[in-house]
Every structure is written in C-alpha cells, then in structure tokens.
Amino acid sequence: MPAPLTFDGRVVLVTGAGGGLGREYALAFGQRGAAVIVNDLGGDIKGGGRSSAAADKVVEEIRAKGGKAVANYDSVEDGEKLIQTALDTFGRIDIVVNNAGILRDRSFARTSDVDWDLIHRVHLRGSFLVSRAAWNHMKNQKFGRIIMTSSAAGIYGNFGQANYSAAKLGLLGLSNTLAIEGQKYNIHCNTIAPTAGSRLTETVMPPDLVQSLRAEYVAPLVLWLCHDACPENGGLFEVGAGWIGKLRWERSLGRIVRQKNESMTPEAVRDAWSEICDFTDASRPSSIQESLQTLVEVLSRVEDERGIRANPTGATAGTNPSSAVGQTLPEMSFSYTHMNCILYALGVGMSTREPDHLKFLYEGHEDFSCLPTFGVIPALSAMTGLGSVPDLNIDFTRLLHGEQYLEMFRALPTSGTLTSRGSVADVLDKGSGMVILLDVHTYSEGELVCYNQFSVFIVGAGGFGGKRTSQKAVVTAAPPDRAPDAVIVDQTSRDQAALYRLSGDWNPLHIDPSFAAMGGFKSPILHGLCSFGFAARHVLKQYAANDVSRFKSIKVRFVKPVYPGQSLQTEMWKEANRIHIQCKVKETEHVLLTSAHTHTHTDASVSGGSPQARLHTHTHTHTHTLRSDSLGADRDDAVRSQTGGLQSDLVFAEIGRRIRDAGQELVKKVNAVFGWEISRDGRTVREWTMDLKTGGGSLRSGASKADVIFTVSDEDFMEVVKGKLNPQKAFFSGKLKVRGNIMLSQKLEAVLKDYAKL
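Residues numbered from 1 in each chain as written. Predicted model: local features only at pLDDT ≥ 70, side-chain atom pairs only at ≥ 80, totals over all residues. Heavy atoms only, no water.

In this section: the sheet that holds strand S22 (residues 698–701). Strand order in the open sheet formed by five strands is S22-S21-S20-S23-S24, and the pairing between neighbours is mixed. Only two strands of the sheet have a single partner each, and these edge strands are S22 and strand S24 (736–740). Strand-to-strand twist of the sheet, defined as the mean angle between neighbouring strand axes without regard to direction, takes the value 20°. As defined by bridge partners, strand S20 (residues 672–680) adjoins strand S23 (residues 708–713) across six bridges and the pair is classed as parallel. Directly across from Ile678, in S23, lies its bridge partner Val712. Here helix H20 (residues 714–721) sits on the sheet in contact with S20 and S23, set at roughly 100° to S23. (Pairing = 2+ DSSP bridges. Helix = DSSP H or I, 4+ residues; strand = E, 2+ residues; numbered from the N terminus. Axes fitted to C-alpha atoms, helices over the stretch in contact; angles between N-to-C directions. Contact = heavy atoms within 4.5 Å.)

In structure tokens form, the structure reads like this:
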C-alpha cells in the first residue's frame, strides 16, 4: 500500500483559516506534520470588524492533537507581516494557501466603488501581496507551493457578483503567470474553484445544501497539490462534494475572413460566423506561444493568398496527399568515421565513468562498436526529402515527430559510407493533422543494415478525406500491468542537447533559447531521438550485456519533452525476447516515451524481419540565421542605380568576393549548394547559385541544382541583411521561403556573418 502523504518539516500559511475551508486546510496540514500559521482577521463576511478568537481556536485544535501552529491576526493586505510570522516562529515558509475572502454582493448597477475596491483588495491584491512576500524565500530554497482560490462565479459569471467574479478570474491569471515564472525554482502554483459550505456560501445556498457540501471534501485536493510529490503546475480545478475536475481552454479552428490587399468587413464576419463558432476538431492551446503560433500561420497564408477556410493550416486545395503513397525519395549517402560513432555515444549519455561504456568510446578497444541506434542518423536526412514530394505540401514548421521504429539486420560498421533509400509508406488523415509514415532502408556496400520508419505529424494538414489507420505501421504496445522488472536512471547533462546535435540534428529548438521560446518552451529541449538513444542503450545494458549483435529492434512513441539536466528513468518489463519500456523524467514523473518495446536476439545472430511501422509531440521547427554588418540607409539609392534596380546585387557581389578569398575554407565548412530566387512585385527577377561543395567554391548568376533554395523579395532580403528583419520571423511569416534540405541553412552563417560589408 502506498505510503500516506506527510508534510513533516514543511511550514504552511493558510489565510482566512479561522473557519470554513481555511480551518479545514489548517487542521489537515497540522494533522500530517506541517507547522501551520493560522491567519484570520476575525472580521465578518463583508470585511467589517476584527477578532483574534477564530484563529486562536483553530491553533488550539491543532496543538491539542499534537501539531504545531501559531496564530496571525493581520490583514492579507499586510502580506509581509504574515510571512514574517512564519519566519520568526518556524524559520521558513514552504506553502501558501490564499483562502481569505469576503463578499459584498450587489447587482452591477448598484455596485459602489467601495464594493468593488474592497473585494479586489482582499481577494486579488491580498493574494498578490502574501504570495510576493513568500516568493523570494521559496526561490532561495528551490521549493514552494501556492494555492489561489478562484470560484465558479469567476469562471462562469454569476448574477449580483460582478466585483467578486472579476477578482476571482483575476486570480487565475495571476496563478498561471506564477506557474510559468516559478517552474525553474520548483515553485508550483495552482488554482482551485471550490464549492463548499462556509460563511460565504451560506448567503447564496439553501441550508441543506450547505450542510451537504462539507469543507472536508475539498481539503484533500489542496493537500495533494501542495505535496512535494505532486507534479501539477498551472492547473485549474473545480472541486466539491467529493468530486474533482480539471478545466482547460478550448478554441475553435476559426476562419480567416480577409484576403490580401482587401479590407476586412463585418459582413465577412457575419457570413463566416457558424464556422468561427464551430468546435469540431477544436484545439486546446495551453500557452501564449501556442495562441500566437496560429496567427503567424494566418499571416503567412494571407500573404501567399492560399485561400480562406476553416482550418488555416489544412491541406492545400486541389492537392491529394494520399497520392504520395509509394513515392520514393532521392537516395542519400552518409559517410562517417569512428569519431561519429564516439560522438553519438557521448550524445546519448555514455561516459568513461562506466567501464563497460569504453567499447563505444575508444576506437582502440578490442570490441569497439557502434551503438545500434546510430542507425537513425543516416536515415534522418531522408525526412527533408518529403518537401519535394508532390501533393504533400509540407510546412516543416508544423512537423512533429510522433513515433520511431528501428530494426537492425546486422551490426553497424564503425566507419564507411551508408546509402539510404526512402519512400512514403502511407499517409493518414487525423482530422487535426496529417500523419506520414516514411520508410527508410539503409545499406552498406549493397547489404541491408537497418530499417527505420518515421511517423511524423503535420499539425493542421488534415481534413483531406484520407484514411485514419494503416496496416503498414509498426504498432506500439502497452507494458504489462505489474511493477517493472528493471529500472535504470541516468541524469542528462546541461549540455546534452548541445552535444547530441553534433550528430546531425541541427534544429535550433535544441540550442537557441529564443527559438525554443517561440515554440512555447522555457528553454531548449532535448532531442526526442536522444531520449530514444538513452532508452535503447539501457535495454542493451540490462538485457544484452552491451552486445550490439543481440539488439534487434526498438519502437517508441514520443509524448513529452525533456530539458537537458533532467534525469531519464527507463522502466523495463521482459517477456521472452520482447522488452517493454517506458521512459520518464524522474524529477517530474512525466512520461516521455510510452507504449515502447524492443526485441533482442537470444544469441549473437542477427536475423532479418519484415520491415513495417506509426504519432508524437516532439517539435521539429526549422529556420536559418542570416546576419551582416548594418547597411546605411543613405546608400540604398546608390545601390539601386548601380545594379539595375536590385539592392541585393551588391550584397551578392560582396559574397562573391568573400568566396574568392576564402572559398576552400568555406567548402570544407559548408559542403552544400545554395540557390537564391530574388523577387520583385511577386515575380522572380534574379537567381543566384552559391556552390560551396565543389572545388574552391563559386557564386554565379542563374539557377542550378541546389541542396536548398531560398525565395525572398529584394526588399525583404535587404531588411534581413540590415538586421531590421529577424530571419526567423521572416520565415514564419512567409516572407522567406525555403525548399530542400532546410537544415543546411544553418551553415549560411559561415558565409554571411560579418562579411557583407559595403
């Protein structure tokens, strides 16, 4: 039986604890080992009068049962005094339950300034002042739990409670922001909307209902939300009568009601009203970044005149993604040495601290081997080929890596050249998005080495009438309903993502804090395939003695992100040659890899199999970096007159000089061909090819075969070069379009940074 929740050593402040809900919270915390500050002004429900009797009585009850408690009689508007009582008496403050409140109900027309201001001073400002007084103490000790008390009146509104409703919903906004700001300090803030019998509710409820809705039916939720083991942060809960429910926001897909270069009219809003209010396939944004992401996509679609429809990211009209099934992608070659194998092993957490890791880290070891999951690296480049498949029309900024399957047919060589051949196995319509199953077979000297199936989800690209399931997908499998047979915990390093990306996944989401923030993350996240590598090597160690020839396959579904520095806990259940796995973040208990399984060989023989595979939430967002020294505005006219009207020509002339001076060095660094399409008034008027793959490099006018092609107007190109337009924003807004291997755009910095000096 699980151990009971205790609060030994914790110090709790409960405001308004002289009766009702506050009293119940204080007694419950005291009974479970916490030291309690019982705060109550002792006034009436309208905020008048004061008395020490209510707080003193609760303190006596706690002490009578062997608990520790002290009374405080200050108003919550004196928040510092409340926290000082905790510090003076018990030396710390761990938990704040903002419960104090009053009522001054009036219909809106009869609400006075005093009615309005007093309610906000006690409920909203009081909670702010008490929480602020505790905040730095919680930050310094890297622990804190705060409860805000909202109300159904705040969530839904209620007649005669305009003042109360506004204050109570304001508390939710305050709580949501504290949850974001406190996360990295292990300060959690949650909001409850309780319904219980109290001095406040007895004025608006029948007596028999007040008796039935006991405060003791609310307290257990508050205690759980305040416990060390509870991972919840930023939640909103309705609670009463022994029932608890969590609330969330829901948003309809909506409808774009304007077109490029045309005014938006109220008639257009009227005509689209039913679609605007249609919650079919609704989204559930949980952050301001998710909220804004849709607007960025809308701006891009309006700019490109891609039509007006309910789903702003849906499949382009006139295309049939299902027709892409069976299409093959360009063959990809991947050359590597023992250094790549070692770098990958370090990237997935191997260390010289562990003697049995040396065979993966030292090329002179008698059993030097390449980890099996390195097999995803040469296959990863095939994913960029999806951008060239007709009818898929992929927006890579909306791509999420859902599931991954890897099957080994022989041990990977520790150096050589591998060839990967990709094909679209299936395309599924999930309504809110499109799932693409990408099969990639990888060969060494003509012999099949491994098979990958990538399952990627394109947000908002559904609704094209395709099928929802596929027989071609390798299925996931839930673990057995019992305790795991083995558990391995590994802490990732603060630089884990920075190290793993050196194996070829250059997505800035994993290194650039500002880019991660655009994706809604507090800091760069770990690659999903890095967690995949951690889990696989845990199985390899536990059940195959690190013998790579015994590793057959692994299938995972990605669920949650991981932040570098967190610990990965892999739980394993063995059933014959199948090992079910589940990977969690140890600190939060959040599951990040689920319904996963691996297969091993009983001996050292590697057998083949029928390659087949299936969805996730690890974000893949692509962009590029372009910078140069600032160009003076006074030179623009001169540039236009010297270059036939295009400002960008002189910039490319400077790039050409740079390539002539340092071409061989750039070819070694970059090894790619870039194409540029410069437009004016909506049509392409100049093309450039920047070859940094062959010879000493070159820049020439005209179009040639390129690894990646950028399309941008002459004006926007100059705005980026001058530093006036952030290239990431240009990409997301549709002003800068990228085709081909988007990741290569990261290498442009070697050419453009600090060299376009005019």
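Turning our attention to unusual backbone geometry. For Lys142, which is not glycine, the phi torsion reads 55° and is therefore positive. With respect to the element layout, Lys142 can be found in the loop between helix H4 (113–141) and strand S5 (144–149). Judged by its relative accessible area of 48%, Lys142 is partly exposed. Of note, Asn546 is a non-glycine position whose phi angle comes to about 60°, a positive value. Examined against the element boundaries, Asn546 turns out to sit in the loop between helix H17 (528–544) and strand S15 (551–558). Accessibility expressed as a relative area gives 4% for Asn546, which makes it buried. (Buried < 20%, exposed > 50% of the residue type's maximum accessible area, 1.4 Å probe, protein only.)

This next bit is on the side chain of Ser470. Following the sequence through the fold, Ser470 ends up in the loop between strand S13 (447–459) and strand S14 (486–491). Side chain to side chain, Ser470 and Asp426 meet in a polar contact 2.6 Å long. A distance of 3.0 Å separates a polar side-chain atom of Ser470 from the backbone nitrogen of Lys472. Setting aside residues no more than four positions away along its own chain, Ser470 makes contact with Asp426, Leu428 and Leu437. (Polar contact = N/O pair within 3.5 Å; in protein donor to acceptor, adjacent residues only side chain to side chain.)

So, on to the packing of aromatic side chains. What characterises a pair of aromatic rings is the spacing of the ring centres plus the angle enclosed by the ring planes. Under the counting rule described, the total for this entry stands at 13 aromatic pairs. Ring centres 5.7 Å apart and planes at 70° place the aromatic pair Phe652 and Trp676 in the edge-to-face group. You can see Phe652 sitting in helix H19 (residues 648–670) and its partner Trp676 sitting in strand S20, a full 24 residues away along the chain. This pair shows no difference in class: Phe652 is buried, exactly as Trp676 is. Using a relative accessible area of 2% as the deciding quantity, one classes Trp676 as buried. Following the ring pairs from residue to residue traces out a cluster consisting of Phe652, Phe674, Trp676, Trp688, Phe710 and Phe717. Above the face of the Phe143 ring, Arg10 is positioned so that its terminal group lies 3.7 Å from the ring centre. (Phe/Tyr/Trp six-rings, centres within 6.5 Å; stacked < 30°, edge-to-face > 60°. Lys NZ or Arg CZ within 6 Å of the ring centre and 35° of its normal.)

Structurally, the position occupied by Asp716 is in helix H20. For the buried Asp716, no salt bridge is present, and the opposite-charge side chain at shortest range is Lys735, 4.5 Å distant. Residues contacting Asp716, with those up to four places away along its chain left out, are Leu725 and Lys735. (Lys, Arg positive; Asp, Glu negative; His and termini not counted. Salt bridge = Lys/Arg side-chain N within 4 Å of Asp/Glu carboxyl O.)

Attention now moves to the sheet that holds strand S4 (residues 95–98). Reading across the sheet, the eight strands line up as S3-S2-S1-S4-S5-S6-S7-S8 and stay open at both edges, with mixed pairing between neighbours. Sheet topology places strand S3 (68–72) and strand S8 (243–247) at the edges, where each strand pairs with a single neighbour. On average, each strand axis in the sheet is tilted by 20° relative to the strand beside it, whichever way the strands run. Pairing geometry for S5 and strand S6 (residues 187–194), over six bridges, is parallel. Considered in S6, the bridge of Thr149 is made with Ile192. Strand contacts of helix H1 (residues 20–31): strand S1 (11–14), strand S2 (35–39), S4 and S6, with the helix running at about 170° to S1, the strand carrying the most contacts. Most of the contacts of helix H2 (residues 53–64) go to S3, to which it runs at about 175°, and overall it touches S2 and S3.

In this section: the pairing of S15. When a strand is regular, its side chains alternate between the sheet's two faces. Counted residue by residue, S15 has six buried out of eight residues, so it is predominantly covered. Across five bridges, the pairing between strand S10 (residues 399–408) and S15 is antiparallel. Bridging from a neighbouring strand, Glu407 pairs with Ser553 of S15. Pairing geometry for S15 and strand S18 (residues 591–600), over six bridges, is antiparallel. Counterpart to Ser553 in the pairing with S18 is His599.

All told, the structure shown has zero disulfides when counted by the stated rule. A disulfide-free cysteine, Cys189 has its sulfur positioned 9.7 Å from the sulfur of Cys226, the nearest such atom. Free of any disulfide, Cys450 has its nearest cysteine sulfur in Cys370, 9.7 Å distant. Residue classification places Cys450 among the buried positions, given a relative accessible area of 0%. (Disulfide = S-S within 2.5 Å.)

Positionally, Leu171 belongs in helix H6 (residues 162–182). Sequence separation between Leu171 and Asn98 is 73 residues, and the spatial gap between their C-alpha atoms is 9.9 Å. Excluding residues within four positions of it along the chain, Leu171 makes contact with His123, Leu124, Ser127, Met148, Thr149 and Thr191.

Counted by the stated rule, this structure contains 29 salt bridges. A salt bridge links Arg255 to Glu275, with the shortest nitrogen-to-oxygen separation between them at 2.4 Å. In this pair, Arg255 is assigned in the loop between S8 and helix H9 (266–271) and Glu275 in helix H10 (residues 273–276), connecting sequence segments 20 residues apart. We classify Glu275 as partly exposed; its relative accessible area is 30%.

Now for helix H3 (residues 79–90). Spanning twelve residues, H3 covers 17 Å between terminal C-alpha atoms, matching the ideal 16 Å at 1.5 Å per step. Within H3, burial applies to Gly79, Leu82, Ile83, Thr85 and Ala86. Projected down its long axis, H3 carries its buried residues within an arc of 145°, all on one side. Across H3 from its buried face, at more than 90 degrees, point the exposed residues Glu80 and Asp88. Buried residues along H3 sit against S1, S2, S3, S4 and H4. Looking one or two residues beyond H3, the residue adopting positive phi is Gly91, at roughly 85°. (Expected span 1.5 Å × (residues − 1). Arc of directions from axis to C-beta.)

All right, on to the packing of H1 against H2 then. At a minimum axis distance of 9 Å, the contact between H1 and H2 shows a crossing angle of 25°. One finds that H1 runs roughly parallel with respect to H2. The hand of the H1/H2 crossing is right-handed. Mapping the contact onto sequence places Arg23, Ala26, Leu27 and Gly30 in H1 and Val58, Glu61 and Ile62 in H2. (Parallel < 35°, antiparallel > 145°, perpendicular 65-115°, else oblique. Left-handed = near helix turned anticlockwise from the far one by under 90°.)

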